[in-house]
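# Reading the structure
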Amino acid sequence: MTKSHIELTINGKKVEALVEPRTLLIHFLREQQNLTGAHIGCDTGHCGACTVDMDDMSVKSCMTFAVQANGTEITTIEGVANADGTLSALQEGFRMMHGLQCGFCTPGMIVRAHRLLQENPAPTEDEIRHGISGNLCRCTGYVNIVKSIQYAAAKINGTPFQEAAE
Ligand code: FES
Ligand code: FES
């Protein structure tokens with residue numbers, strides 16, 4: 001099949017590649033770019049394990065062709081740590097609040113939460129739950145994911161983090 005030439009920025013690095021038009025962005029990222037943090041958890045666009053940030057939007061990369069990413073800026077979980085290699089507030093929050101177990105949903109969850117906190121820097125619990133409703137987790141029951149995002153929001157905003165009473 002004729003391949004298309006694409007140029008995009010992934011985690012701050014310029015990338016050029018040849019892709020088949022039918023290649024899904026998730027497969028391009030995982031198989032051609034070796035960015036295997038984003039996962040595939042479904043065939044129907046529900047689970048959000050494949051979520052990446054594309055031009056400041058959360059995008060399910062299993063529902064996007066790689067050719068559609070031509071000219072865009074993409075951030076994957078591999079690009080969210082701080083420049084000095086330390087964990088981002090969200091990564092730290094997920095660790096501190098035990099927001100992951102198997103870790104399979106976590107790359108998509110953190111990348112989505114990153115965009116959520118750009119959209120709404122101080123979300124309520126309801127807003128967090130709504131904001132991550134495109135991301136499924138089979139392990140945590142979500143409670144600690146909500147706390148992880150609250151932890152990160154507090155850290156970013158310089159406000160004290162208080163765990164809600166159970
Ligand atoms: S792999 Fe499930 S939404 Fe993309
Ligand atoms: S931590 Fe296992 S699916 Fe979320």
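These notes cover the structure that comes with them. (Residues numbered from 1 in each chain as written. Chains lettered and ligands numbered in written order. Predicted model: local features only at pLDDT ≥ 70, side-chain atom pairs only at ≥ 80, totals over all residues. Heavy atoms only, no water.)

### Structural notes on the overall build of the protein
Tallying secondary structure elements over the protein gives five helices and five strands in all. Counting from the amino terminus, helix and strand elements in the protein follow one another as β-β-α-β-β-β-α-α-α-α. Scaling as 2.2 N^0.38, a compact globule of 166 residues should have a C-alpha radius of gyration of about 15 Å, and the protein matches this with 16 Å. C-alpha extents for the protein along the principal axes are approximately 60 × 35 × 25 Å. (Helix = DSSP H or I, 4+ residues; strand = E, 2+ residues; numbered from the N terminus. Rg over C-alpha atoms; globule rule 2.2 N^0.38 Å.)

### Re the pairing of strand E1 (residues 4-10)
Relative to strand E2 (residues 13-19), E1 runs antiparallel, the two being bridged by seven bridges. Bridge pairing in E2 places Ser4 opposite Val19. Sheet topology places E1 next to strand E5 (residues 73-75); two bridges connect them, and they run parallel. Within E5, the residue paired with Thr9 across the bridge is Glu73. (Pairing = 2+ DSSP bridges.)

### What about the packing of helix H2 (residues 89-96) against helix H5 (residues 143-157)?
The axes of two packed helices give the description: the angle between them and the distance between them. The geometry of H2 relative to H5 is characterised by a closest axis approach of 8 Å and an angle of 135° between their N-to-C directions. Considered as vectors, H2 and H5 are oriented oblique to each other. Here the hand of the crossing between H2 and H5 comes out right-handed. Within the contact between the two elements, H2 uses Ala89, Leu90, Glu92, Gly93, Phe94 and Met96 and H5 uses Ile145, Ser148, Ile149, Tyr151, Ala152, Lys155 and Ile156. Within the contact of H2 with H5, the residues separate by chemical class into nine nonpolar, two polar and two charged. (Axes fitted to C-alpha atoms, helices over the stretch in contact; angles between N-to-C directions. Parallel < 35°, antiparallel > 145°, perpendicular 65-115°, else oblique. Left-handed = near helix turned anticlockwise from the far one by under 90°. Contact = heavy atoms within 4.5 Å. Nonpolar A, V, L, I, M, F, W, Y, C, P; charged D, E, K, R; others polar.)

### Observations concerning the sheet that holds strand E4 (residues 57-60)
The strand order across the open sheet formed by five strands is E2-E1-E5-E3-E4, and the pairing between neighbours is mixed. Strands with a single pairing partner mark the edges of an open sheet, and in this sheet they are E2 and E4. Each strand axis lies, on average, 40° off the axis of its neighbour in the sheet, ignoring direction. Here strand E3 (residues 51-54) pairs with E4 via four bridges, running antiparallel. Bridge pairing in E4 links Met54 to Met57. With respect to the sheet, helix H1 (residues 25-32) is in contact with E1, E2, E3 and E5, its orientation differing from that of E2 by roughly 110°. Along the sheet, helix H3 (residues 106-119) makes contact with E3, E4 and E5, crossing E3 at roughly 35°.

### Considering the packing of aromatic side chains
On inspection of all chains with the given rule, the structure shows one aromatic pair. Relative to Phe161, the ring of Tyr151 has its centre 5.7 Å away and its plane inclined at 65°; by these criteria the two rings are edge-to-face. Pair noted here: Tyr151 is in helix H5 and Phe161 is in the segment after H5, with a separation of 10 residues, a long-range link. Its relative accessible area of 26% is what places Phe161 among the partly exposed residues. (Phe/Tyr/Trp six-rings, centres within 6.5 Å; stacked < 30°, edge-to-face > 60°. Buried < 20%, exposed > 50% of the residue type's maximum accessible area, 1.4 Å probe, protein only.)

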